[in-house]
Amino acid sequence: MLHIVFIVLQRYVTVQFKLNLLGYEQTDLDYQLGVVGDKIKKLKELINNSKNIVIIPHTSPDGDAIGSCLALFNILKVINKPSNIISPNKAPEFLNWTPGFDNIIHYDIDKEKCKKILSNSDLIFTLDFNDLNRIGELKEFVIKSNSQTVMIDHHQNPKDYADLVFSNSKIGSTCELLYEIFVSIGFESMINKDISSCLYLGMMTDTGSFQYSSCLLYTSDAADDSLRVDLGGRRI
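Note on numbering: residues in each chain are counted from 1, in written sequence order. Thresholds applied to this predicted model are a pLDDT of at least 70 for local features of residues and 80 or more for the giving and counting of side-chain atom pairs; totals over whole chains, interfaces and linings are not thresholded and use all residues. Side-chain metrics in this entry use all non-hydrogen atoms of the structure; hydrogen atoms and water are not considered.

Caption draft 1: A look at the packing of aromatic side chains. Aromatic rings from Phe, Tyr and Trp, with only the six-membered ring used for Trp, were paired whenever their centres fell within 6.5 Å, and each pair was classed as stacked if the ring planes differed by under 30 degrees, edge-to-face if by over 60, and tilted otherwise. Under the definition given, this model contains two aromatic pairs. Ring geometry for Phe182 and Phe187: centres 6.3 Å apart, planes at 50 degrees, overall tilted. Just as Phe182 is buried, Phe187 falls in that class too. When the ring centre of Phe166 is taken as origin, the NZ or CZ atom of Lys39, which lies over that ring, is 5.9 Å away. A simple rule labels every residue: compare its accessible area, found with a 1.4 Å probe on the protein chains alone, to the largest value its type can have, and call it buried under 20%, exposed over 50%, or partly exposed in between. Ring-over charges, as used throughout, are those where CZ of Arg or NZ of Lys falls within 6 Å of the ring centre and within 35 degrees of the ring normal.

Structure, rendered in structure tokens:
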């Protein structure tokens, strides 16, 4: 059986080394990753104070969108913060192996249920997009919601709709940025097999299997300063 080991090199080793190669200074690390102390503190407060969290990917979600949404869904589950994932339309069936996939609610299938969930929400995460036009009819209900909104995305030219923004187009995937947020917020020890599988999916999808120049995280056979998560032979 194929045995996959996912190794994330620690930020002040591999990522710092990569940024130095690109000509960035050590003090630029957090800025370049889009992870700033004040934002992390605010995010932690929002999560701690929320009771009804909604997570939304873009229309026709790809591996990075599904991976990031389910990684967040699963880590919130670990800290006993229930959440709902509302996708504008049905996610591709070939991603149905992703841990938590069956929990995704599809707006195009059950509009009334989704509207009710959004109307009762107090915190909305929009993942892997930066323009509400990317979610079709859901845009109207996100705007009408009284929820705080958090954008986590790696695309260029983000629109000004979110209360808290984590955006960096220099990063290869939303899952990679989300991993950095998990580390910064203190969730690193909670990253289990399911969460790692989700993060790995997004990184693989949007970095051309770790080939693009924007890729800051790597898989490797061994590393002294690394987080090793056995994915249990799952094929990604």
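Caption draft 2: Highlighting helix H3 (residues 37-49). Secondary structure elements follow DSSP: runs of H or I no shorter than four residues count as helices, runs of E no shorter than two count as strands, and numbering proceeds from the N terminus. An expected span of 1.5 Å times one less than the residue number is assigned to each helix. Taking 1.5 Å of rise per residue, 13 residues should cover 18 Å, and H3 covers 18 Å from first to last C-alpha, within 8% of that figure. The complete set of buried residues in H3 reads Ile40, Leu43, Leu46 and Ile47. Along the axis of H3, the buried residues cluster in a sector spanning 125 degrees; they form a single face. H3 presents Gly37, Asp38, Lys41 and Asn49 as exposed residues on the side facing more than 90 degrees away from its buried surface. Contacts made by the buried residues of H3 are with helix H4 (63-78), strand S5 (123-127), strand S6 (148-153), strand S7 (164-167) and helix H7 (174-185). The arc under discussion is defined with respect to the helix axis, by the directions toward the C-beta atoms. When checking whether two residues touch, look at their non-hydrogen atoms; a contact exists if any pair is within 4.5 Å.

Caption draft 3: Just the confidence of the model for the protein, in detail. The predictor attaches a confidence to each residue, and that confidence, scored 0 to 100, is pLDDT. Residues with a pLDDT of 70 or more make up 72% of the protein, whose mean pLDDT is 80. Contacts from residues 1-27, a stretch scored under 50 in pLDDT, to residues over four places away or in other chains number 77 contacts.

Caption draft 4: Fine view of the side chain of Asp128. Tracing the backbone shows Asp128 in the loop between S5 and helix H6 (138-144). Charge counting follows a simple rule: Lys and Arg are positive, Asp and Glu are negative, and His as well as the terminal groups are ignored. What makes a salt bridge here is a side-chain nitrogen of Lys or Arg within 4 Å of a carboxyl oxygen of Asp or Glu, nothing more. One buried charged side chain, Asp128, makes no salt bridge at all; its nearest oppositely charged neighbour is Arg134, positioned 6.6 Å away. Engagement of the side chain of Asp128 in a polar contact is seen with the backbone nitrogen of Ala65, the distance being 3.5 Å. Only 2.8 Å separates the side chain of Asp128 from the side chain of Thr174, close enough to count as a polar contact. Any N or O atom pair separated by 3.5 Å or less is treated as a polar contact, with the protein-specific requirement of one donor-capable and one acceptor-capable atom, and with residues adjacent in sequence counted only for side-chain atom pairs.

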